[in-house]
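# Chain and residue survey
Residue strings, one per chain:
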Amino acid sequence: MTIQLGRWATLALLALGLLATGTPAWTAEATEASDATDVALAHPLELQQRLDAALAAKGSDYEPRTEHLHPDGRPRFTNRLILEDSPYLLQHAHNPVDWYPWGSEAFAQARRDGKLVFLSIGYSTCHWCHVMERESFEDLEIARLLNEHFIAIKVDREVHPDVDQTYMTAVELLAGRGGWPMSSILTPDGKTIDGGTYFPPDAFAQLLERARDLWQERPEALRARAEQVARAVRRALDTQGQAAALDDAITEQAVTELLERHDELQGGFGFAPKFPQEPKLGLLLDQALRADDEAALEAVILTLNSMARGGIHDQVGGGFHRYAIDNDWLVPHFEKMLYNQAQLAQVYLNGWRLSTDPALARVARRTLDFVLRDLTSPEGGFYSATDADSDGGEGRFFLWTPAQIRAALPAEDAELAIRFYGVTETGNFEGRNILHVPVALDAFAAAEGLSPDPLQRRLDRIHETLYQVRERRPHPHRDDKILTGWNGLMIAALANAGDALDEPRYLAAAERAADLLWTKARVAPGELKRVYLDGRATQPGLLEDYAFLGSGMIALYDASADPRWLNRARELADALWSRFSDPEGGGLFMGEASAETPLMARPKDLSDGPIPSGTSAALQLFAALDQRTADDMSYGKRARELLSAVSGRVKRSPSAVPALFVGLNQLRHGDTGPRQYAARGAVRLQGQVTRDGDAASLRLTIDMAPGWHINAHEPLQQALIATRLQLPEAVQGWRIEDLDYPQPQVLRLGFQREPLAVFQGQTQIEGALSPVSGPVPQEASETSAWLPVELRLQACSDDRCLPPETRVLQIPIDNNPPDQEL
């Protein structure tokens, strides 16, 4: 976040002045005007009656969020945002600014009045959004200036990410960087003239006054400039380019670029402020698993351990804050976002599966448990976020003093906690302490003369006590809207965790949320709404809503084998393509076209940010369905069309689309992990390695759909492809002995005169694993955390055979899920 005018705005101030509008045109008398400095919000009678009814419906215990109150506690001002269902917009419902929500009404009014538009974009848990609200939007003189000379529009970026992306692109082009709150001056037809982020009140008032003056004096100059900005935005958002080949080499280039930016001391990418950047971690993990890339895995594990020990990780309650403002991950920006919890739980889970470090699985569990405990609605959906601010300051809910810890815990536990979490009298943030782990648990245990496992159990009890004490504090604001796309991310994380950790309650929570969205956010076959709040589903679904929820359904299908989840994923993928594909320019739009609400461009979401782009998410969904739908070739075709449309841009900046490369790898090489699919989903494979002392065994379970079979390991005809299980040549340290294939069935099928020896239904192949020399390793190290197993097969239905294929499963070696500790 930068306090600055745009670069063009600086020139405009010197050359032209800056921005403006006309005069007020109220259609009703002012509701309140207590003194000469007061502001009047005047609305037509019908609108005023709706506002009054909405305010009355809040009930007697409603506490208006404003400093402008009557003696009896009623708000002096109520604007159109009281009618909205966004928690962020409702926070501004009693500002003296006469806010409009995003929509055609606001721009129609701007055109009728000949006024400029002031566009403010933020979200409900944004600290600096709250600061600008207190300083400027609650200020009567600034409110008067906005009401008289502008149409003021407030947008929740989490509800309208397409709007946010369009105008953020303009701000970044003008100012060199962006952030929230985003503040833009627009023409009445929605084109950006100037923009920035947070403005102090004096600078903001100056910006508005100069805007007003220039609009009155030089409107055509501003319109011409706005058209230039709009053309630049359209170019920046255009995903088209000359088609380029996307092969394994470009994936390796993206990985190399990410590793070059990796911080080898504290983990993460680049310098402070540090964000988790989960899509980048996801690609490195994918590369580590597919290519046995030790450098990629080491980078991820360093980052995960550093974050887990830092203040960005809520050491007491679990879960993660959005980002850290320092290189050490110590001082967070204290808001907690659902999308971070979903993605980080998945990344920590995959990190555990690749490293066998139980500490990573523990972090994943605590993150998921935080969501189930603190971010889950009574109906089973997942709330969006909690605020950075509480009790009148940033992060107060999460901070501790030594005295508070001693008051909460028995003396010995208190002193242990103070030492372990680096708590001091002076503190590390505004005189208080952000709990963190300056010394790793094993090293701390050794220094204290303790064993690590008993120490961890003791810390778990300390966490529970501190959590209960902390619960008595004033809580941060919670954004209770249920966003379809973010819930899809959470559903996938819970389903995958329930499967990998053998935790039924995670899978049950994922199913419950998926059923809620299917019955509430899906308002018709193939039609989603983006927001569910207070029993109502509103706002048209966006590309990411369809893609993320579809991928959540895929994760549920993988964990349960229940075909209803696969059918739902297919419906969403089909709707996604019909609603958002660009038949002329290729690629996918973020949202559906709207003739009523102007946007400078209809954006296409390509670059990954804190979450995968809609394009990357759609590609992953299509790739997954291509592996799972034997009766439909369209998903692979759509995936390849999408890649062709964006390949030119991808080629120019590979590391900007890490999640897209995960989807590309899946499309070209299939899934990863111990469960995979062959025959486009007609054959389901599940591998397991177990060991008992020095003995280890391999079991591969093969489930074939009705009407499908694979050739036996010894087919009756020499020309047929035999089913073969083996270790790839590159595997070192292990060999398979005494492979036991099941007894085949002998069938006669319509397209084959001779009898066939086949496997069908469910069958298992088992074998003994032994080390090449010496005893079975007792600790996973480097390449021994998982075992690549190669299966060669050819699948046939009753009337056709598919080409032979090879699937390589990555099976954890004795990676049993750690016990639940919460």
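Counting from 1, residues in each chain are numbered in the order their sequence is written. Where totals are concerned, whole chains, interfaces and linings use all residues; where local detail is concerned, this predicted model gives features only for residues with pLDDT of at least 70, and gives and counts side-chain atom pairs only at 80 or more. Hydrogens and water are ignored here; the side-chain numbers use all heavy atoms of the structure.

## A closer look at the state of the cysteines
We call a pair of cysteine sulfur atoms a disulfide whenever their separation is within 2.5 Å. Using the criterion set out here, one finds two disulfides in the structure. Between the sulfur of Cys126 and that of Cys129 lies a disulfide, 2.4 Å long from S to S. Across the S-S bond of Cys126 and Cys129 the torsion is about 80°, and the bridge reads as right-handed. Here's how the labels work: a residue is buried when its accessible area is under 20% of the maximum for its type, exposed when over 50%, partly exposed in between, all with a 1.4 Å probe on protein chains only. A residue is classified by how much of its surface remains accessible, and Cys126, at 3% relative accessible area, is buried. Judged by its relative accessible area of 1%, Cys129 is buried.

## So, the pattern of salt bridges
The term salt bridge refers to a pairing of a side-chain nitrogen on Lys or Arg with a carboxyl oxygen on Asp or Glu at a separation within 4 Å. Within this structure, the stated rule accounts for 51 salt bridges. Linking Glu220 and Arg223 is a salt bridge whose minimum nitrogen-to-oxygen distance equals 3.9 Å. Linking Glu220 with Arg223, this pair stays in helix 9 (residues 219–237), spanning three residues, or about one helical turn. The exposed category is assigned to Glu220, whose relative accessible area is 56%. The class for Arg223 is partly exposed, based on a relative accessible area of 35%. Beyond isolated ion pairs, a larger network of salt bridges with shared partners links Asp156, Glu158, Asp479 and Lys481. In this text, helices come from DSSP runs of H or I with a minimum length of four residues, and strands from runs of E with a minimum of two, each type numbered from the N-terminal end.

## What to know about the side chain of Glu138
Within the fold, Glu138 resides in the loop between helix 5 (127–137) and helix 6 (140–149). Positive charges come from Lys and Arg alone, negative charges from Asp and Glu alone, with His and the N- and C-terminal ends not counted. Buried charge without a salt bridge: Glu138, with Arg65 as the nearest opposite-charge side chain at an N-O distance of 7.9 Å. Two N or O atoms count as a polar contact when they lie within 3.5 Å, although within protein this holds only if one can serve as hydrogen donor and the other as acceptor, and sequence-adjacent residues are included solely when both atoms are side-chain atoms. Engagement of the side chain of Glu138 in a polar contact is seen with the side chain of Thr66, the distance being 2.8 Å. For this analysis, residues touch if any pair of their heavy atoms sits within 4.5 Å. Those residues in contact with Glu138 that sit more than four places away from it in its chain are Thr66, Glu67, His68, His94, Asn95, Pro96 and Glu133.

## Remarks on the sheet that holds strand 24 (residues 734–740)
Being paired, for any two strands, means DSSP has found at least two bridges between them. What the five strands build is an open sheet, ordered 19-20-21-27-24; its pairing is antiparallel. The outermost strands of the open sheet, each flanked by one partner alone, are strand 19 (675–678) and strand 24. The mean angle between the axes of side-by-side strands here comes to 25°, regardless of whether they run parallel or antiparallel. Those strands touched by helix 21 (residues 543–560) are strand 19 and strand 20 (683–692), and its axis lies near 95° from that of strand 19. Every axis in this analysis is a line fitted to C-alpha atoms, fitted for helices over the stretch in contact. Angles between the N-to-C directions lie between 0 and 180 degrees.

Geometric descriptors of this kind do not, in isolation, establish any biological role.
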